[in-house]
Structures are given as structure tokens and as C-alpha cells.
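An overview of the molecular structure
This is what each chain is made of:
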Amino acid sequence: MSDLSETISRTWDIPLRDTVDVAVIGGGSAGIAAATAAARTGASTVLVEKYGFLGGTSTAGMVGPFMTSYTPDGKRQLVAGIFQEIIDRMVAMGGAVDPSTTEAGSEWGSFIELGHANVTPFHVESLKMAALEMVCDAGANIRFHTSFVDVVMEGERISELIFLDKGGLGFLRPKVVIDTSGDGDIAAKAGAPFEVGRREDGKMMPVTLFITIGGVDDERVIAWMREHEKLHPGERLFECIVKEARAKGEWTLDRDFLNLYREPTAGQWKVNTTRVHDVDGTNPDDLSRAEIESRRQAWDLIRFFRSHCPGLENAQLVATGSHVGVRETRHILGDYVLNGEDVLEGRQFEDGIAQCSYPIDIHDPSGPRGRLEGINADHYEIPYRCLVPRQVNNLLVAGRPISADHEGAASARVIPPCYATGEAAGTAAGLSLQQKVSPREIDVEALRTKLREQGAVI
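In what follows, the accompanying structure is described.

What counts as what
Residues numbered from 1 in each chain as written. Predicted model: local features only at pLDDT ≥ 70, side-chain atom pairs only at ≥ 80, totals over all residues. Heavy atoms only, no water. Helix = DSSP H or I, 4+ residues; strand = E, 2+ residues; numbered from the N terminus. Rg over C-alpha atoms; globule rule 2.2 N^0.38 Å. Contact = heavy atoms within 4.5 Å. Areas by Shrake-Rupley, 256 points an atom, 1.4 Å probe, with all protein chains shown as cover. Lys, Arg positive; Asp, Glu negative; His and termini not counted. Charge placed at Lys NZ, Arg CZ, Asp CG, Glu CD. Pairing = 2+ DSSP bridges. Axes fitted to C-alpha atoms, helices over the stretch in contact; angles between N-to-C directions. Buried < 20%, exposed > 50% of the residue type's maximum accessible area, 1.4 Å probe, protein only. Core = buried A, V, L, I, M, F, W, Y, C linked by side-chain atoms within 4.5 Å. Salt bridge = Lys/Arg side-chain N within 4 Å of Asp/Glu carboxyl O. Parallel < 35°, antiparallel > 145°, perpendicular 65-115°, else oblique. Left-handed = near helix turned anticlockwise from the far one by under 90°. Nonpolar A, V, L, I, M, F, W, Y, C, P; charged D, E, K, R; others polar. Expected span 1.5 Å × (residues − 1). Phe/Tyr/Trp six-rings, centres within 6.5 Å; stacked < 30°, edge-to-face > 60°. Lys NZ or Arg CZ within 6 Å of the ring centre and 35° of its normal. Polar contact = N/O pair within 3.5 Å; in protein donor to acceptor, adjacent residues only side chain to side chain.

1. A word on the overall build of the chain
Secondary structure summary: the chain contains 11 helices and 17 strands in total. Here the C-alpha radius of gyration of the chain, 22 Å, is about what a compact globule of 458 residues would show, namely 23 Å. Here the C-alpha coordinates of the chain stretch approximately 65 × 60 × 45 Å along the principal axes. Taking contacts inside the chain between residues at least 6 apart in sequence as the whole, the part at least 24 apart equals 72%. Taken as a whole, the chain presents about 18,000 Å² of accessible surface, with 48% of it coming from carbon and sulfur. Taken as two groups, the 47 positive and 66 negative side-chain charges of the chain have centres that lie 2 Å from each other.

2. Quick notes on the sheet that holds strand E10 (residues 269-271)
One open sheet holds the 4 strands; their spatial order is E9-E10-E8-E11, and the pairing between them is antiparallel. Single-partner strands in this sheet number two, and they are strand E9 (260-262) and strand E11 (316-320). Strand-to-strand twist across the sheet, computed as the mean angle between neighbouring axes with direction ignored, equals 30 degrees. Of the pairings in the sheet, the one linking strand E8 (residues 211-214) to E10 comprises 3 bridges and is antiparallel in character. Paired with Ile213 across the strands is Trp269, a residue of E10. On the sheet, helix H7 (residues 284-308) packs against E8, E9, E10 and E11 and is oriented at approximately 155 degrees with respect to E11.

3. Side note on the pairing of E8
Where burial is concerned, the two faces of E8 agree: the one with Ile211 and Ile213 and the one with Thr212 and Gly214 are both buried. Across 4 bridges, the pairing between E8 and E11 is antiparallel. The residue bridging Ile213 from the neighbouring strand is Leu317, located in E11.

4. A short note on the nonpolar core
The nonpolar side chains of a soluble globular protein tend to be buried with one another. Leu338, Ile353, Ile382, Tyr384, Leu387, Leu396 and Tyr419 are the most contacted members of the largest nonpolar core, which has 76 residues in total. If you tally residues by element for this core, the top one is helix H10 (residues 415-435), at 9 residues. Here Tyr384 is in contact with Asp351, Ile353, Leu396, Ala428, Pro439, Arg440, Ile442, Val444 and Leu447, once residues within four sequence places are set aside. Ile211, Ala245, Cys309 and Ala315 belong to the second largest nonpolar core, which has 27 residues in total.

5. Side note on the pattern of salt bridges
Per the stated rule, a full pass over the model turns up 34 salt bridges. Across the pair Glu293 and Arg289 runs a salt bridge whose closest N-O atoms are separated by 3.5 Å. Here the residue Glu293 and the residue Arg289 both occupy positions in helix H7, the gap between them amounting to 4 residues, near one helical turn. Judged by its relative accessible area of 31%, Glu293 falls in the partly exposed class. Residue class for Arg289 comes out partly exposed when judged on its relative accessible area of 28%.

6. Overview of the packing of helix H1 (residues 29-40) against helix H3 (residues 124-138)
Describing two packed helices takes the angle between their axes plus the distance from one axis to the other. Close contact between H1 and H3 brings their axes to 8 Å; oriented N to C, the two are set at 20 degrees. Looking at the two axes, H1 sits roughly parallel to H3. Both H1 and H3 take part in a crossing whose hand is left-handed. Residues Ile32, Ala35, Thr36, Ala39 and Arg40 of H1 lie in contact with H3, whose contacting residues are Ala131, Met134, Val135 and Ala138. For the contact of H1 with H3, the residue count by class is 7 nonpolar, 1 polar and 1 charged.

7. Things to note about the side chain of Ser411
Looking at the element boundaries, Ser411 is found in helix H9 (residues 406-412). For Ser411, a relative accessible area of 0% gives the class buried. If near-sequence neighbours (up to four positions away) are discounted, Ser411 is found in contact with Val343, Tyr358, Pro359, Ile360, Tyr380 and Pro417.

8. Regarding the environment of Asn141
Here Asn141 shows up in strand E3 (residues 141-143). By relative accessible area, which is 38% here, Asn141 ends up partly exposed. When the C-alpha positions of Asn141 and Ala298 are compared, they lie 37 Å apart, and in sequence the two are 157 residues distant. Excluding residues within four positions of it along the chain, Asn141 makes contact with Asp18, Thr45, Val46 and Leu47.

9. What about H3?
Given a rise of 1.5 Å per residue, 15 residues ought to cover 21 Å, and the 21 Å separating the end C-alpha atoms of H3 matches this to within 8%. When H3 is considered as a whole, its buried residues turn out to be Val124, Ser126, Leu127, Lys128, Ala130, Ala131, Met134, Val135 and Ala138. Looking at the packing, one finds that the buried side of H3 touches H1, strand E2 (45-48), helix H2 (81-92), E3, E10 and H10.

10. Examining the packing of aromatic side chains
Evaluation of the coordinates by the stated rule reveals 10 aromatic pairs. Judged by centre distance (6.4 Å) and plane angle (25 degrees), the rings of Phe111 and Trp269 are stacked. Residue Phe111 is located in the loop between H2 and H3, and its partner Trp269 is located in strand E10; the two are separated by 158 residues in the primary sequence. Taken individually, Phe111 and Trp269 each receive the classification buried, so the pair is uniform in this respect. Taken together through their ring pairs, the aromatic side chains of Phe66, Phe83, Phe122 and Tyr419 make up a single cluster. In this structure, Arg262 packs its charged tip against the face of Trp108, placed 5.6 Å from the ring centre.

11. A look at the side chain of His331
Topologically, His331 is positioned in strand E12 (residues 330-332). Looking at His331, its side chain comes within polar contact range of the side chain of Glu328, at 2.8 Å. Among residues more than four places away in sequence, those in contact with His331 are Phe194, Glu195, Val196, Gly197, Pro401, Ile402, Ala404, Asp405, His406 and Ala409.

12. Overview of the environment of Lys203
Mapped onto the elements, Lys203 comes out in the loop between strand E7 (194-196) and E8. Placed 183 residues apart in sequence, Lys203 and Cys386 show a C-alpha to C-alpha distance of 22 Å. Contact partners of Lys203, with chain neighbours within four places excluded, come to Gly197, Arg198, Asp278, Glu328, Pro365, Ser366 and His406. At a separation of 3.1 Å, a polar atom in the side chain of Lys203 contacts the side chain of Asp278.

Quick look at the structure:
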């Protein structure tokens, strides 16, 4: 057996690739918005992405639809700005359904009422192109097939970022860094404090591999669910079928129902049903196990659909995510930590930079179900302080790992808030350069004014 504590040391001459005002690390939802917003302030901006396309969880992970960007009653849009610009581009391409037209309890939201009105169904390929055009049109440079390796610190400031690409190791020299890696990788390497998972035990929500299926009889699935709702109000899609199959030993997945979301293409649905527990998304061994287990589960699902589910008898596996979907890893500790009570009570803040209404959505870290609890207000706000990590002066964090606890992050982790925090971080980075101060020291009211001018809801 090899000694896992063994290390080797090497000395490398690492060439400078670029010097920029703003480096955005991670081309997912938050990264798209951050790079676009930063470049629009006039800052020289580079967006670094490990894949050959943008979109992150939404494209590589095929996670969709975008969850609600409206108030719970659907009367007011909460996340607009760059997020709506992306939607408009996809709709113009015929690749998305505008959230203003999708109702609660519909097939677009897997027939779920709470938090599933005004969702945005979309095609992965349309998002790849819409995001690419958005970032390029703003004037940002994109470095694809480039993976983050490490930081070089000068006191509490990041002076260089080290990467690996096809040319080997290289480094960037940025003035401001925005961590949109999804896991807070840059913040962690820079020494920013963080928590992992639940505060009491560190357990994280399970991971899911999204799949897309074709060959679905759309109207038959919808008709079955409508009839089932009359007989068993509140039960989820095919829940009674799953329960009966489990009793017979014909269902082995750790889920009590199926989550299927209709896509814009007839006969095609996204499936959010695979589940793997005890996965640390920052641990490569755990991720490898999750990929193996969830891909086996995907084929188990196809067989189950064909044999048990009305309307899915001819289901075909069209695609699987390139990367398992991770709901939770690090929660970076910032100048404020958003908590579950903030979300449920709809708290507002003087430095609020985003409005959201998605419920607290916790997939049980240990069991088959979870908690979906709606907020007791029109919306809650995410304060700018949640984007500002402690102990690092030229870094902002946007997207899933913002400063929030297990419950607060369970709402703020979904895609629309990621776009909103990304847009705020990119705009703040540009303002910090204009004002010649650190991101922590910017005039937050000027940031809020700028975001409003850009179409964000503040």
C-alpha cells in the first residue's frame, strides 16, 4: 500500500500569461455575470474556465430549469439585469421559455407548487452560446481549458493566480479577483475562513447527476399527474409508484418520488432523481465515487421508467451531465453570514445587492427526502457583505459559496441568485478600481445605484 502522506518537491519556472484588472475564476452562472459586469465598467477582465464552454452547473451539469426569479405570488420579478439578458438571448434563439409564462404546479416545474412558479426551462446548447456572446460582447477575455492551481499572497492580498492549461503552468497578475469556482477554491487557498456543510456536523447535501430523456409522451405524463393530484393531493410525481415498487424490492434509489422537468423540445424532460450521499465535492475521491454511482443510477432509472411509469415506456437516455451536480461544499465566511432566519423572515439590509424568494430547499444529507420551506415575505435580500471574505483584501466571492450558513445557502444556492451575486461582484470590482479602494471599502450606495441602472432589482 502506498504512503498517502508522501510528498515530492519540484521547482518550476512559471511564465506570466497576462496582467489584468479583474480575474474571474469559474465560468458558471456567477462567473458569466461577474465577467460581463466587470468588463462593462471598463476594467480589463479575464474569465477562466476549466471546460470549453460557459454555464457551469447549468451546462456541464445540465441542471435546470432555472428556479424562480419572481416573488412567491409571481407578480414581480426579483432577479433581472444580466440574468434576464441571458434569458432574452435564449428565447430569441428558440432555446428557452421566459419565466413570466411558467406557472406553479406545471410540468415546467415538475408539478411542484412551492418555489416552482416562474421557472425558466432552457436548452443547454442555447445557454452555452448566449453566455459566450454575452461575455465576449462585454469585452472580457475568456481562457478556456484552464484550471486554477494556487494563489501567491502578499500579506492579505492575492498577487498572482497560478493555472494549468495545455501550455503547462502559467500565472495571471490581477488587481481584483472574483471567486466564482462554486466551491470557494480561490478563497480557501488565499486563507479566507470557511465552514463546510451543516455547522453542527459538517454534513453536506447529497449530489445528483442530471440526465435528459427523450421519447416521452408529454400529454400522458401530464394527464396522469393531474388525475393523481385529484386522488392524492400533495404527492409528488409518480410517488405512489415508487412507494409500491420499493415495497416489492423494485426501487433501490434513495428518493421517494421522481423529479422530471419538461424541456422546450417536445418529448424531452430533465431528470433530477439520482442521489449519492456522503460526498465532499472538494474531495477528488468522493467525486469519482459519485460519478460512478450516479451514472449507474441513471441507467437504473431508464429501466424503471420503461417498466413502471405511464408515458415513459419509450424513454431514451439522451444525455448525462459532464459533471455530477454538487449542492453544497464550502461556505466562505464573509463580513456577514446569511442565515435561515434572514431568508424565512424576508430580511432586508442597507447593503442589499440582490432580492430572492426561493424557499429553503435542503436535500437531506442522510435520507431520501428533505425540507422545502417557503419564506414568510415577498422576498429577502443578500447583503454585499456576504460577498466580501474575511482576511483577504482584493477578493470577492459570488455564487454558491457566498457567506451563508447551511440553511441560508439552501435558498441562495440556486441559479438566479448566483447571477445576481455575480453581477454585483463584477460591478463592485470595477467600482473598487475606479474608486482606488479595496472591494471591502467601496461606496456601497454607489454600487446599489449602478446595479439599478443596469436593470438589477435592488
